[in-house]
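A structural walkthrough
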There are 2 protein chains.
Amino acid sequence: MKPNELILLIEDDDAIGKLLSISLHEYGYKTRLAKDITSAKREFITQNPALLILDLGLPDGDGKTLIQTIRKESKIPIIVLSARNDEKEIIASLDCGADDYVTKPFSTKELLARIRSTLRRTQQKTVHDTLTCKDITIDFIKKEVLLDNVLLRLTPTEYNLLAFLMQNANKVLPHQHILKTVWGLGYQHQMQYLRTYINALRKKIEKNSTRPEYITTESSIGYRFSCLSHKEEEQ
Amino acid sequence: MKPNELILLIEDDDAIGKLLSISLHEYGYKTRLAKDITSAKREFITQNPALLILDLGLPDGDGKTLIQTIRKESKIPIIVLSARNDEKEIIASLDCGADDYVTKPFSTKELLARIRSTLRRTQQKTVHDTLTCKDITIDFIKKEVLLDNVLLRLTPTEYNLLAFLMQNANKVLPHQHILKTVWGLGYQHQMQYLRTYINALRKKIEKNSTRPEYITTESSIGYRFSCLSHKEEEQ
DNA sequence: ATAATACATCAAAAAAATATCAAAATTATT
DNA sequence: AATAATTTTGATATTTTTTTGATGTATTAT
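Thresholds, definitions, all that
Residues numbered from 1 in each chain as written. Chains lettered and ligands numbered in written order. Predicted model: local features only at pLDDT ≥ 70, side-chain atom pairs only at ≥ 80, totals over all residues. Heavy atoms only, no water. Helix = DSSP H or I, 4+ residues; strand = E, 2+ residues; numbered from the N terminus. Rg over C-alpha atoms; globule rule 2.2 N^0.38 Å. Buried < 20%, exposed > 50% of the residue type's maximum accessible area, 1.4 Å probe, protein only. Disulfide = S-S within 2.5 Å. Near = heavy atom within 4 Å. Polar contact = N/O pair within 3.5 Å; in protein donor to acceptor, adjacent residues only side chain to side chain. Nonpolar A, V, L, I, M, F, W, Y, C, P; charged D, E, K, R; others polar. Domains from an automatic or database assignment. Pairing = 2+ DSSP bridges. Contact = heavy atoms within 4.5 Å. Axes fitted to C-alpha atoms, helices over the stretch in contact; angles between N-to-C directions. Buried area = accessible area lost by both parts, 1.4 Å probe. Salt bridge = Lys/Arg side-chain N within 4 Å of Asp/Glu carboxyl O.

1. Here's the deal with the overall build of chain A
Of the regular secondary structure elements, chain A holds eight helices and 15 strands. For a compact globule of 235 residues, the expected C-alpha radius of gyration is about 18 Å, and chain A comes in at 28 Å, more than 25% above that figure. Referenced to the eigenvectors of the C-alpha coordinate spread, the extents of chain A come out at roughly 80 × 30 × 30 Å. In chain A, buried positions account for 48% of the 235 residues.

2. What to know about the state of the cysteines
Residue and element names in this part refer to chain A. The full count for this structure, using the stated rule, is two disulfides over all chains. Note on cysteine connectivity: Cys133 is disulfide-linked to Cys227, with sulfurs 2.1 Å apart. Separated by 94 residues along the polypeptide, Cys133 in strand 8 (residues 129–133) and Cys227 in the loop between strand 14 (222–225) and strand 15 (232–234) bring together distant segments of the chain.

3. Some thoughts on the protein's contact with DNA strand C
In the vicinity of DNA strand C, 25 residues are found, and the nearest of them are Asn199 of chain A together with Asn199, Thr217, Ser220 and Tyr223 of chain B. By atom count, sugar and phosphate contribute 68% of the portion of DNA strand C lying within 4 Å of the protein. Within the side chain of Asn199 of chain A, a nitrogen or oxygen atom sits 2.3 Å from a phosphate oxygen of DNA strand C. At 2.4 Å, a side-chain N or O of Thr217 of chain B approaches a phosphate oxygen of DNA strand C. In the surface near DNA strand C, the residues fall into four nonpolar, 15 polar and six charged.

4. Considering the domain arrangement of chain A
Looking at chain A, the domain boundaries give domain 1 (6–123) and domain 2 (130–234). The C-alpha centroid of domain 2 of chain A is placed 51 Å from the C-alpha centroid of domain 1 of chain A.

5. So, the sheet that holds strand 8 (residues 130–133) of chain B
Residue and element names in this part refer to chain B. Ordered by their spatial adjacency, four strands build an open sheet running 8-9-10-11, and the pairing between neighbours is antiparallel. With partners counted over all chains shown, the strands left at the sheet margins are strand 8 and strand 11 (150–151), one partner each. For strand 9 (residues 136–139) and strand 10 (residues 144–147), the ladder comprises four bridges, and the chain directions are antiparallel. Note that in strand 10 the partner of Thr137 across the bridge is Leu146. In the packing of helix 6 (residues 156–167) onto the sheet, contacts are made with strand 8, strand 9 and strand 10, and the angle to strand 9 comes to roughly 110°.

6. Comments concerning the sheet that holds strand 2 (residues 30–34) of chain A
Consider a sheet: its strands pair through backbone hydrogen bonds, and that pairing is either parallel or antiparallel. Residues and elements named next belong to chain A. Pairing in this open sheet of five strands is parallel, and the strands run 2-1-3-6-7 from one edge to the other. Single-partner strands in this sheet number two, and they are strand 2 and strand 7 (100–103). Between one strand axis and the next, the sheet turns through 20° on average, direction left out of account. Examined bridge by bridge, strand 6 (residues 78–82) and strand 7 share four bridges and lie parallel to one another. Paired with Ile79 across the bridge in strand 7 is Asp100.

7. A word on the interface of chain B and chain A
If you look at the interface, chain B gives 33 residues, while chain A gives 29 residues. Of the roughly 2,700 Å² buried between chain B and chain A on both sides combined, carbon and sulfur atoms contribute 46%. Area buried by chain B at its contact with chain A is led by Leu94, Arg114 and Arg121 of chain B, which between them contribute 18% of it. Measuring nitrogen to oxygen at the nearest pair gives 2.9 Å for the salt bridge that ties Arg121 of chain A to Asp99 of chain B. The interface formed by chain B and chain A includes 15 residue pairs in polar contact (both at pLDDT 80 or more). Taken together, the elements giving at least two residues each to the side of chain B that touches chain A come down to helix 4 (87–96), strand 7 (100–103) and helix 5 (108–122) of chain B. It is helix 5 of chain B that contributes the most residues to the side of chain B that touches chain A, ten residues altogether. Its residues assigned to classes, the side of chain B that touches chain A comprises nine nonpolar, nine polar and 15 charged.

Pasting the structure below:
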């Protein structure tokens, strides 16, 4: 697995800039290089990097002011890389909003580990797992169902049943199969449970409960959740 | 403003332990000290600390295994504090899940700055210092809650619970998730605590406690803080 | 068409989950 | 050390959900 994130290097020393670019590419990161604060700001806005590596001593100003500027509008991880091995500088940078401070000369491998650590923390994305079918959307994380964008009140069993049906849309699901997965192993022959809950669900999701468009009956076999075009969305 | 967070120190050297405790107290943190992995685990589960400071060399095992154990169930910030100034140790620790690595001898002020930096990042759930929902406004800096512009008297646990609910407005929060974050890892199954405190909060914030408009129950799942005019921040 | 079978519907009883209250235990404050 | 505040615990009331049973309607086979 290659990381593939874009890292913006802000460094005026060509030798270090080159070394970093090569090391980061080797590990799979994409990089952009900015040699002063002005171009760093431009790159930050236009390139949308995942992380900044910032040298404090830049030709057109102090790196700390850049940190402050960026922190006003972004929580992007910033690692300071500086020759200034001075306690006050370290503290000031961290309190400005930097996420880490590495002093030169530095170990490339350690820097890479610190990049991984910093990115790991900030990239904890919320996985949104939803399924939509016509007017019904089920959110498996929030455990909620929307009908025409209105929240449906379902009991736990109703929710479990609908979730199972929607996950197997357009398939005929035999009674016993539904009972086994929704209620559990001992309930395969409790047909009446299934009828009661199918009825309850239809009342809640069908426009016309007597002419169901979602949950159709496959007599003496089971039920089918009909959905012509259901797309899966996960980000 | 005093920080007031609890920091768990895991350190077998008494001198360093004492020094750290004093420095951290001076700055306003509460601390607990654990001298081995076994008691560290116990303290972690029962005390619900905001951050761990961990020495790698402990009498009953290597600190890295503790990091791995904790990372299986928690994203709590961990700062490693070690005499081992060895590139491999640093990389291994960070890749295990540590958030920072400081080598001994260390500057207390720098360590404090790194604690602030780490906490800032992990506590940054709310971008704003205050959050308003209908007639309720919570101020995370002052740790105050206003209902119709009148200051509410809340106990610490009531405040923590409400803060967590409001930070996650309109989402269904499972019982265990609430218990884990508000009370700590060892309290996931103390449902009665949750019921008692939800009840206490409703009495204080709901106009009609029997028909709650803010804190609604999601039977057999959890609770939801409902707030119509609250922007969803998820992509 | 008629009987037999399968399914739908409704409502009640039973069980489970939640709400509420208050006392006991703990912790913090004076 | 005494007092006050908060948390924990337990007992009981209330609500919600599941289970059960009774009855009506549709479908299928003869």
